[in-house]
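Given next are the chains, with one letter for each unit.
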Amino acid sequence: MRNVIFALIGLAVLAACGVDGEPVQPTLNAGVGVGGGGVHVGGAVGLHKGPVSVYLGF
């Protein structure tokens, strides 16, 4: 699982710097929730270009 995360981050960096054409701006969402079960931290990183979107949540 760790290798998949690093691979997706690497692709996001390459796309964001424009090495393969027009730069794509990555998105990042993060949140913290507090409830009866304790504190939950979560987030997602993704890329959107044309009709294709790729997101990874954690």
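Scoring rules and cut-offs
- Residues numbered from 1 in each chain as written.
- Predicted model: local features only at pLDDT ≥ 70, side-chain atom pairs only at ≥ 80, totals over all residues.
- Heavy atoms only, no water.
- Helix = DSSP H or I, 4+ residues; strand = E, 2+ residues; numbered from the N terminus.
- Buried < 20%, exposed > 50% of the residue type's maximum accessible area, 1.4 Å probe, protein only.
- Contact = heavy atoms within 4.5 Å.
- Areas by Shrake-Rupley, 256 points an atom, 1.4 Å probe, with all protein chains shown as cover.
- Pairing = 2+ DSSP bridges.
- Axes fitted to C-alpha atoms, helices over the stretch in contact; angles between N-to-C directions.
- pLDDT = per-residue confidence, 0-100.

**Details of the overall build of the protein**
Thought 1: A count of helices and strands for the protein gives one helix and three strands.
Thought 2: For the protein, the succession of helices and strands along the chain, N to C, is α-β-β-β.
Thought 3: Counting the 58 residues in the protein, one finds 17% classified as buried.
Thought 4: Long-range pairs, those at least 24 residues apart, make up 19% of the contacts in the protein between residues at least 6 apart in sequence.
Thought 5: If you sum the accessible surface of the protein, you get close to 4500 Å²; carbon and sulfur atoms cover 67% of it.

**Here we look at the sheet that holds strand E1 (residues 27-35)**
To summarise the sheet geometry, strands pair through backbone hydrogen bonds and adopt either a parallel or an antiparallel arrangement.
Thought 1: Within the open sheet, the three strands sit side by side as E1-E2-E3. Their pairing is antiparallel. Edge positions in the sheet fall to E1 and strand E3 (52-57), since each has one partner strand and no second. If you compare each strand with its neighbour and ignore which way they point, the axes differ by 20° on average.

**Brief notes about the confidence of the model for the protein**
Thought 1: On average, residues of the protein score 77 in pLDDT, and 76% of them reach the 70 mark or higher.
Thought 2: At the level of individual helices and strands, the protein shows its lowest average pLDDT in helix H1 (residues 2-17), which scores 70, and its highest in E1, which scores 88.

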